[in-house]
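Tertiary structure, described
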Amino acid sequence: MGNIKFVKENKEVIAADGANLRLKAMENGIDIYKFIGKMTNCGGAGQCGTCIVEIVEGMENLSPRTNVENQKFKKKPDNYRLACQTLVNGPVSVVTKP
């Protein structure tokens, strides 16, 4: 089990190992999309790139980056992830809409 701390929202949620970061955010009322992403997101398929989050602590407790993420984040820091492609396996701190 791991806690996910959403820094900007000052909210912490409990997640079972292997929980999807996007789904846990949505289940707990955390808005991870900027304005345009609210209308154009792909629903968690990893295709649109609108659910970008920044991991500030606990990178070692996440699933590895997927090929989709590696392609979308070529020029972004290593701690940027797509919430829909990220599985949580321990405590992490997340900044939404970086």
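Okay, so let's go over this structure. Being a predicted model, the structure only gives us computed values, none of them experimental.

Cut-offs used in this document
Residues numbered from 1 in each chain as written. Predicted model: local features only at pLDDT ≥ 70, side-chain atom pairs only at ≥ 80, totals over all residues. Heavy atoms only, no water. Helix = DSSP H or I, 4+ residues; strand = E, 2+ residues; numbered from the N terminus. Rg over C-alpha atoms; globule rule 2.2 N^0.38 Å. Buried < 20%, exposed > 50% of the residue type's maximum accessible area, 1.4 Å probe, protein only. Contact = heavy atoms within 4.5 Å. Areas by Shrake-Rupley, 256 points an atom, 1.4 Å probe, with all protein chains shown as cover. Patch = residues over 30% accessible without salt bridge, like charges linked within 9 Å, V, L, I, M, F, W, Y side chains within 5 Å. Salt bridge = Lys/Arg side-chain N within 4 Å of Asp/Glu carboxyl O.

Moving on, we get to the overall build of the protein chain. From N to C terminus, the protein chain includes three helices and seven strands. When its helices and strands are written in sequence order, the protein chain yields β-β-β-α-α-β-α-β-β-β. Scaling as 2.2 N^0.38, a compact globule of 98 residues should have a C-alpha radius of gyration of about 13 Å, and the protein chain matches this with 12 Å. Its C-alpha atoms put the protein chain at 30 × 25 × 20 Å along the principal axes. Counting the 98 residues in the protein chain, one finds 43% classified as buried. Taking the contacts inside the protein chain whose residues are at least 6 apart along the sequence as the reference set, 59% of them involve residues at least 24 apart. Only carbon and sulfur atoms are counted for the fraction: they give 51% of the accessible area of the protein chain, which is about 5400 Å².

With that out of the way, let us pick up a nonpolar patch on the surface. The grouping of Phe 35, Ile 36 and Met 39 at the surface amounts to a nonpolar patch, some 380 Å² of accessible area in total. Tracing the backbone through its elements, the reader meets Ile 36 in helix 2 (residues 35-40).

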